[in-house]
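# Summary of the model geometry
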Amino acid sequence: MTSLPILVLDLAGTFAFAISGATLGVRKQLDLFGVLVLSFAAATAGGIARDVLIGAVPPVALADWRYLAVSLLAGLVTFHAHERVERLRNPVQLFDAVGLALFAVTGAGKALAAGLGPSGAVMLGMLSGIGGGIARDLLVAEIPIVLRREFYAVAALLGAACVVAGDALGWPAALSAIGGAVLCFALRFMAIRHGWQLPVGGGGPPRR
Amino acid sequence: MTSLPILVLDLAGTFAFAISGATLGVRKQLDLFGVLVLSFAAATAGGIARDVLIGAVPPVALADWRYLAVSLLAGLVTFHAHERVERLRNPVQLFDAVGLALFAVTGAGKALAAGLGPSGAVMLGMLSGIGGGIARDLLVAEIPIVLRREFYAVAALLGAACVVAGDALGWPAALSAIGGAVLCFALRFMAIRHGWQLPVGGGGPPRR
Amino acid sequence: MTSLPILVLDLAGTFAFAISGATLGVRKQLDLFGVLVLSFAAATAGGIARDVLIGAVPPVALADWRYLAVSLLAGLVTFHAHERVERLRNPVQLFDAVGLALFAVTGAGKALAAGLGPSGAVMLGMLSGIGGGIARDLLVAEIPIVLRREFYAVAALLGAACVVAGDALGWPAALSAIGGAVLCFALRFMAIRHGWQLPVGGGGPPRR
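The rules behind the values
- Residues numbered from 1 in each chain as written.
- Chains lettered and ligands numbered in written order.
- Predicted model: local features only at pLDDT ≥ 70, side-chain atom pairs only at ≥ 80, totals over all residues.
- Heavy atoms only, no water.
- Contact = heavy atoms within 4.5 Å.
- Salt bridge = Lys/Arg side-chain N within 4 Å of Asp/Glu carboxyl O.
- Polar contact = N/O pair within 3.5 Å; in protein donor to acceptor, adjacent residues only side chain to side chain.
- Helix = DSSP H or I, 4+ residues; strand = E, 2+ residues; numbered from the N terminus.
- Nonpolar A, V, L, I, M, F, W, Y, C, P; charged D, E, K, R; others polar.
- Least-squares fit on C-alpha atoms with pLDDT ≥ 70 in both.
- Buried < 20%, exposed > 50% of the residue type's maximum accessible area, 1.4 Å probe, protein only.
- UniProt positions renumbered as here; feature names shortened; annotations may be inferred.
- Buried area = accessible area lost by both parts, 1.4 Å probe.

Okay, the interface of chain B and chain A next. Contacts between chain B and chain A engage 28 residues on the former and 34 residues on the latter. Summed over the shared surface of chain B and chain A, the number is zero salt bridges. Counting every contact that joins chain B to chain A gives zero residue pairs in polar contact (both at pLDDT 80 or more). The set of elements that each furnish at least two residues to the side of chain B that touches chain A consists of α1 (4–27), α2 (32–53), α3 (60–63), α4 (65–80) and α7 (118–139) of chain B. Take the side of chain B that touches chain A: its biggest share by element is eight residues, from α2(B). Its residues assigned to classes, the side of chain B that touches chain A comprises 21 nonpolar, three polar and four charged.

Residues and elements named next belong to chain B. Structurally, Ala97 can be placed in helix α6 (residues 91–113). For the pair Ala97 and Ser20, spaced 77 residues apart in sequence, the C-alpha separation works out to 9.8 Å. Ala97 has contacts with Phe185 and Arg188, leaving out every residue within four places of it along the chain.

Turning next to the relation of the copies chain B and chain A. Aligned on chain A, chain B shows an RMSD of 0.0 Å; the corresponding rotation is 120° and the shift along the axis is 0.0 Å. With respect to symmetry, the two chain copies, as superposed, fit the operation of a three-fold axis. For chain B, the smallest separation between a C-alpha atom and the rotation axis is recorded for B:Ala141, amounting to 3.4 Å.

Further remarks concern the relation of the copies chain C and chain A. With an RMSD of 0.0 Å, the fit of chain C onto chain A corresponds to turning through 120° and sliding 0.0 Å along the axis. Both copies present different contact surfaces, since only 12% of the interface residues of chain C are interface residues in chain A too.

Time to look at unusual backbone geometry. Only a minority of non-glycine residues have a phi that is not negative, and only a minority of peptide bonds are not trans. In the segment running from B:Val57 into B:Pro58, the intervening peptide bond is cis, with an omega of -5°. Considering the arrangement of structural elements, one finds B:Pro58 in the loop between α2 and α3. The phi torsion at A:Ala141 lies on the positive side, around 60°, for a residue other than glycine. Take A:Ala141: it is sitting in the loop between α7 (118–139) and α8 (150–168). On the basis of relative accessible area, A:Ala141 is assigned to the partly exposed category, the value being 24%.

A few words now on the pattern of salt bridges. A side chain with one charge can pair with a side chain of the opposite charge if their charged atoms come near. For the structure shown, the criterion picks out 12 salt bridges over all chains. For the salt bridge of B:Asp51 with B:Arg50, the shortest nitrogen-to-oxygen distance reads 3.0 Å. There is no split in this pair, since B:Asp51 and B:Arg50 are both buried. One salt bridge in this structure joins C:Glu142 and C:Lys28, with 2.6 Å as the shortest N-O distance. Of the two residues, C:Glu142 sits in the loop between α7 (118–139) and α8 (150–168) while C:Lys28 sits in the loop between α1 (4–27) and α2 (32–53), which places them 114 residues apart along the sequence. Judged by its relative accessible area of 22%, C:Glu142 is partly exposed.

Further remarks concern the UniProt feature "transmembrane region" (unreviewed entry) in chain A. All names here are of chain A. UniProt annotation of "transmembrane region" (unreviewed entry) refers to residues 6–26, 33–53, 65–82, 94–113 and 174–191 when read in the numbering used here. The straight-line gap between the two end C-alpha atoms of residues 33–53 is 28 Å; of that span, 100% is helix and 0% is strand. In residues 65–82, the share of helix is 94% and the share of strand is 0%. The end C-alpha atoms are 25 Å apart.

All right, on to the interface of chain C and chain A then. If you look at the interface, chain C gives 34 residues, while chain A gives 28 residues. Each partner contributes to the roughly 2500 Å² buried at the junction of chain C and chain A, and carbon and sulfur atoms together form 70% of this total. Secondary-structure elements contributing two or more residues to the side of chain C that touches chain A are α2, α7 and α8 of chain C. With seven residues, the top contributor of residues to the side of chain C that touches chain A is α7(C).

Put into structure tokens, the structure is as follows:
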């Protein structure tokens, strides 16, 4: 069903997202199981949502045990080595950027293969990238970072758009996939490093 | 797939809900992208949930670029004209009531067309109406207004029930759709204007 | 589609979960409708998620009016008798444990019938059990209890695993279902009674 390169990218992104989920879980003082749940949710929610929306059920993240295994491995490693992980500078954001790029690209490819049009494929690629992070943050009752860090979702959007454009222009799928992933990661990394921000509406402190 | 009148009603409701989402996003000081995400979520989450639950995938909100375009337009207008929008009295609630009525009615119709029984069609009509508002509120980590304003969901429920009853009685679809939409909007508008409330259980201040 | 024993177990679990949802709704001072929405969400979200993930749409909880009727009945009873319900010791947790055991077992069985592999069936069984509670807690903007009470999800996991193992070993379905349900409930009950906890990562107070 999935070609080998896509499977490898998917599992790598799964590991990266699972670490970001586990790190947040440890920070929130969840117990071991809560940390593993957050690992799996952060790693697979975006892909599961994409698969459900294109009718590819059961989602590959549930049908293929390797996604679960990789998520649990990443969660256990983070749970037991969290101090070392925390010592790294912003590990959550960095791993998050890797997973974002990989998932946005593979997600857009799967959406195109499922017959979605350009706008739908870009949306689903972005969702594949940001869905896990949204689920991760909502599960600990926080406003998803994606709504507060514009270059997060914009980076995924552009990475997915690169894949869709490459498909429309007849480029080799691998080429546009690599290009899209590099573009997405680079944008997100720069946004973190240089604190890029989009304008905020209203003004004054947030009203609750 | 969708008849013209239903498409027009859908896009009108999409615009209305997107404005309610964008207005909340601006109030919460989300950045431009967060505001647009909230616009799209508020506008399409209910319909997407309905389509997934009846197996109509990919959901029309993703397959048809016009829903995305209308959501982004409403989001951009609200982002840049938020002060004028805020100056209107309770714009969120008013636009919300319009979208609620339109979505409850079209959602019930689509559920019937998908073969759902009466109770299922009423539930899905109500979900089509309230799903966007629930997603909108949850994305900013708030208890959905639907759980605190009883005539919100009840209005959607009765609007959808009107469509289901009309179908059972063999009325023309357009007639019961218009009747249901007017009934839903009128009830919601009166509830806002007169502060209609349902009884609250327990007593004393909320415990957290 | 569903055998009688499974239907009866399903409706019993629905009633139990609906009461846990309604009790939380009353505690949060939601109005009558909010309480009923929470009843239905707590009772059916797990099963609906499972059905969507295995492609069994429309979900039985929407197609079969009895799930709605049972949820509303439980919600109304709890709303009007909440003081008596509250006087019982931890009614939410106890009813929750009953629903957890019943849903984990029936969910795993449905996943196997849908062709899921062992790991997928265990995951979906657990999701059937914990999904309603997750939806219930998220709808009132709280971190789901499942992420903070390890033996909650672990109990569901082991109950579902018992059904999957029994299927692999060719045991009679009813036997492994009853065994799994008893195992799950017993573990959850002991965890509540003896305050079983899993290790928590990090250390020090939660950082927000």
